[in-house]
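Observations on the model geometry
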Amino acid sequence: QIPKDPTQRWLRELAALSQQLQQVHPNVLAKILKQRTVYQNEEIVVIDKPYGLPVHGGPGIKNCIADVLPILAKMLENMKAEPLHLCHRLDKETTGVMVLARSKEAAEKIRLLFKTRQVEKIYWAVVLGDPDPVEGIVEIPIVEKEVQSHQSHYKMTLAPNYRLRPEDGKVMKMRKNRNAESAVTRYRRLASASACSLLELQPITGVKHQIRVHLAYGLGCPILGDHKYSHWSKLAPQKLPELTLRRLKLEQSKARHLPLHLHAHRLRLPLGQPLDFVCKLPLFFQKTLRKLELDIPKD
């Protein structure tokens, strides 16, 4: 049945959209991606990645971007029949700018630009709370760990190089975790209201789930709708502040339907001359900002 409440209806639609993308024919999915093409030249194709679509396949995933690249390649104008290549990845729930390459050589060149940190990436996220200070850099290594709970699962987490000694609060160096990857994220607050903030983020490194982990565990400001990184030890829906629930017209029991509010807003690629791509916020994200009275900064 269709919920009467508009907020719940809207969240249900988003969940349904994600499921639909899994059920459509690969040709239809390629067509959707073609419509979401932001830019193309002889080397690259840039798409605005939709919400809820995985980049890679896996258990239970019928459709993903990687699988429809050969079909998409044929649909694009002046394309050789060679399939497109992935250059980087975005999480399934993340929306926004994604670069694909038209040849293996171009893909390798662009991957190297990502690896050597020459690509400037700007994300926008709605987070719970207010970061203190309102702008800064989180530089804490990240490692993948198994969480022992009634449902064992893996999560990325912080592996700090320093900690405070409990007895006297002195700073102590920790033994380096061999598997930890160094991770650096710049952030600044663009707006705050309704117990939430809109942040602009620039990941300097590209570790899996880096932004989500740095915000949740480093700053104590998890991304709105990030149910995975809002609790460490359990898989449970995010607990939202009373004011946020009121503004979103949402009951806490329905919070599990909230989507992740993380958007790859802008990407600068130094290919010959620097190319600058911007994807505007998806509708659900814009709606949330309006409901929370978070003012969208004018670009």
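Just so it is clear, the structure is predicted and the values come from calculations on it, not from any experiment. (Residues numbered from 1 in each chain as written. Predicted model: local features only at pLDDT ≥ 70, side-chain atom pairs only at ≥ 80, totals over all residues. Heavy atoms only, no water.)

Notes on the packing of aromatic side chains
Aromatic ring pairs are reported here in terms of the distance separating the ring centres and the angle at which the planes meet. Condition: Stacked, tilted and edge-to-face pairs are distinguished by plane angle, under 30 degrees for stacked and over 60 for edge-to-face with tilted covering the rest, among Phe, Tyr and Trp rings (Trp via its six-membered ring) whose centres lie within 6.5 Å. Strands are runs of DSSP state E lasting at least 2 residues, helices are runs of H or I lasting at least 4, and numbering of each runs from the N terminus. Exposure is judged per residue with a 1.4 Å probe applied to protein chains only, and the accessible area is read against the type maximum: over 50% gives exposed, under 20% gives buried, and values in between give partly exposed.
Inspection of the entire model under this criterion finds four aromatic pairs. Relative to Tyr 229, the ring of Tyr 217 has its centre 5.9 Å away and its plane inclined at 75°; by these criteria the two rings are edge-to-face. In this pair, Tyr 217 sits in helix H5 (residues 210–218) while Tyr 229 sits in the loop between H5 and helix H6 (242–248), placing the two residues 12 residues apart along the sequence. Taking the relative accessible area as the measure of exposure, Tyr 229 reaches 1% and is therefore buried. Ring geometry for Phe 284 against Phe 285: centres 6.4 Å apart, planes inclined by 45°, an arrangement best described as tilted. Its relative accessible area of 0% is what places Phe 285 among the buried residues. By way of ring pairs, the aromatic residues Tyr 51, Phe 284 and Phe 285 are connected into one cluster.

Structural notes on helix H4 (residues 104–115)
Condition: Helix span, expected: 1.5 Å multiplied by one less than the number of residues in the helix. Note: the arc covers the axis-to-C-beta directions of the helix.
Over its 12 residues, H4 extends 16 Å from the first C-alpha to the last, a length consistent with the 16 Å expected when each residue adds 1.5 Å. The complete set of buried residues in H4 reads Ala 106, Ala 107, Ile 110, Leu 113 and Phe 114. Take H4 and look down its axis: the buried residues cluster within an arc of 120°, on one side only. Summarising the geometry of H4, the exposed residues directed more than 90 degrees from the buried face are Lys 104, Glu 105 and Lys 115. Of the residues trailing H4, Arg 117 is marked for its positive phi of about 60°.

Looking at the pattern of salt bridges
Heads up, the rule is: Definition used for salt bridges: Asp or Glu carboxyl oxygen within 4 Å of a side-chain nitrogen of Lys or Arg.
Under the counting rule described, the total for this entry stands at 13 salt bridges. Here Glu 144 ties to Lys 208 by a salt bridge, and the two come within 3.5 Å at their closest N and O atoms. You can see Glu 144 sitting in strand S7 (residues 142–147) and its partner Lys 208 sitting in the loop between strand S12 (196–203) and H5, a full 64 residues away along the chain. For Lys 208, a relative accessible area of 40% corresponds to the partly exposed category. Among the ionic pairs, Asp 168 bridges to Arg 165, the shortest N-O distance being 2.7 Å. Looking at Arg 165, the relative accessible area reads 28%, which means it is partly exposed. Through salt bridges with shared partners, a single ionic network connects Glu 120, Arg 266, Arg 268 and Asp 276.

Some points on a nonpolar patch on the surface
Put simply, the test is: Only residues whose relative accessible area exceeds 30% and that take part in no salt bridge are eligible for patches, with like-charged residues grouped when within 9 Å of each other and nonpolar side chains (Val, Leu, Ile, Met, Phe, Trp, Tyr) grouped when within 5 Å. Shrake-Rupley sampling with a 1.4 Å probe provides the accessible areas, and residues are treated as covered by the protein chains on show and by no other component.
A cluster of nonpolar residues, Tyr 162, Leu 164 and Val 171, forms a patch on the protein surface that exposes about 350 Å² of accessible area. Relative to the helices and strands, Val 171 is located in strand S10 (residues 171–173). Given a relative accessible area of 61%, Val 171 falls into the exposed group.

So, the side chain of Gln 22
Selection rule: Working rule for contacts: check all heavy atoms of both residues, and any pair within 4.5 Å makes them a contact.
Along the polypeptide, Gln 22 turns up in helix H1 (residues 6–23). On the basis of relative accessibility, which here comes to 16%, the residue Gln 22 falls in the buried class. For Gln 22, the residues in contact, after removing those within four places along its chain, are Pro 54, Gly 60, Ile 61, Lys 62 and Asn 63.

A short note on the domain arrangement of the chain
The criterion, for reference: The domain boundaries here were taken from an automatic or database domain assignment. A 1.4 Å probe defines the accessible area here, and the buried area is the portion of it lost by two parts on being joined, summed over both. The definition of a polar contact used here is a pair of N or O atoms within 3.5 Å, where within protein one atom must be able to donate a hydrogen and the other to accept one, and adjacent residues in sequence count solely through side-chain atom pairs. Just so you know the grouping, Ala, Val, Leu, Ile, Met, Phe, Trp, Tyr, Cys and Pro go in nonpolar, Asp, Glu, Lys and Arg go in charged, and all remaining residues, Gly too, go in polar.
Assigned domains of the chain: these are domain 1 (1–119 + 270–288) and domain 2 (120–266). Computed from C-alpha atoms alone, the centre-to-centre distance between domain 1 and domain 2 is 24 Å. Taken together, the contacts link 27 residues of domain 1 with 28 residues of domain 2. Across the domain 1 to domain 2 interface the summed buried area is about 2300 Å²; carbon plus sulfur atoms make up 61%. Looking at the side of domain 1 facing domain 2, the largest losses of area belong to Leu 11, Arg 117 and Phe 285, adding up to 23% of the total buried there. In this structure, the connection of domain 1 to domain 2 is made through two salt bridges. The partner of Arg 212 in a salt bridge is Asp 91, with the nearest N and O atoms 2.9 Å apart. Across the contact surface, domain 1 and domain 2 share 10 residue pairs in polar contact (both at pLDDT 80 or more). When residues of the side of domain 1 that touches domain 2 are traced back to their parent elements, those giving at least two are H1, strand S4 (95–101), strand S14 (273–278) and helix H7 (283–292). It is H1 that provides the largest number of residues to the side of domain 1 that touches domain 2, a total of four residues. Looking at side-chain class alone, the side of domain 1 that touches domain 2 contains 14 nonpolar, seven polar and six charged residues.

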